[in-house]
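What the coordinates show
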Amino acid sequence: MADEQRDVIEVLEQDHREVEQMFAELESLRGASTDEALDRRKSLAEQVTIELVRHSVAEEVLVYPEVEDKVSREEAEHARKEHAEAEETLQRLEKLDADDPPSTTSSGR
């Protein structure tokens, strides 16, 4: 079981690094105006959404129950709350078009 937990942790850490890289590339495309850059921005936004949903499910099923059992219910609840906030952000991201100007991301559209 310890090996399985270690594998899960390694996979989740790798997921974090990959999503951070996608966010960095998304940020670099802020204000992009070429069709190619806009297409890449849209593709990255879709990829980020898929990866974060998959990652979130894995943490909900595999990690949070262990945190609740071995650390504390409060820590598990804190992590669940953070993920709920991330899911809200993803829902807003899904509603944006790739060619929306950067200012629309903060308007809650």
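The notes below deal with the structure included here. From a predicted model like this one, the values you see are computed outputs, not experimental measurements.

1. A look at the environment of Arg41
Positionally, Arg41 belongs in helix H2 (residues 35-70). For the pair Arg41 and Glu25, spaced 16 residues apart in sequence, the C-alpha separation works out to 8.2 Å.

2. Observations regarding H2
For H2, with 36 residues, the first-to-last C-alpha span of 50 Å sits near the 52 Å given by 1.5 Å per residue. Along H2, the helix axis deviates most sharply at Glu60, where the bend reaches about 40 degrees.

3. Details of the environment of Glu20
One can find Glu20 in helix H1 (residues 2-28). Using a relative accessible area of 53% as the deciding quantity, one classes Glu20 as exposed. Placed 28 residues apart in sequence, Glu20 and Val48 show a C-alpha to C-alpha distance of 9.2 Å.

4. Re the side chain of His83
Structurally, His83 can be placed in helix H3 (residues 73-95). A relative accessible area of 15% means that His83 is categorised as buried. Engagement of the side chain of His83 in a polar contact is seen with the side chain of Ser56, the distance being 2.8 Å. Beyond its immediate sequence surroundings of up to four residues, His83 is in contact with His55, Ser56, Glu59 and Tyr64.

Conventions and cut-offs
Here the residue numbering is sequential within each chain, running from 1 through the sequence in written order. Given that the model is predicted, a residue must reach a pLDDT of at least 70 before its local features are reported, and side-chain atom pairs must reach 80 or more before they are shown or counted; all residues, however, enter totals for whole chains, interfaces and linings. Side-chain measures were taken over the full set of non-hydrogen atoms in the model, leaving aside hydrogen atoms and water. To qualify as a helix, a DSSP run of H or I must reach at least 4 residues; to qualify as a strand, a run of E must reach at least 2; elements of each kind are numbered from the N terminus. For a helix, the expected span equals 1.5 Å multiplied by the number of residues minus one. The bend reported for a residue corresponds to the angle between axes fitted to the seven residues ending at that residue and the seven starting there. For the exposure calls, accessible area comes from a 1.4 Å probe over protein chains only, and a residue counts as buried if that area is under 20% of its type's maximum, exposed if over 50%, partly exposed in between. Nitrogen and oxygen atoms within 3.5 Å of one another constitute a polar contact, given that in protein one can donate a hydrogen and the other can accept it, and given that sequence-neighbouring residues count only through two side-chain atoms. Only heavy atoms matter for contacts: two residues are in contact if any of them lie within 4.5 Å across the pair.

So, to be careful, I would describe these as geometric facts and stop short of saying anything about function.
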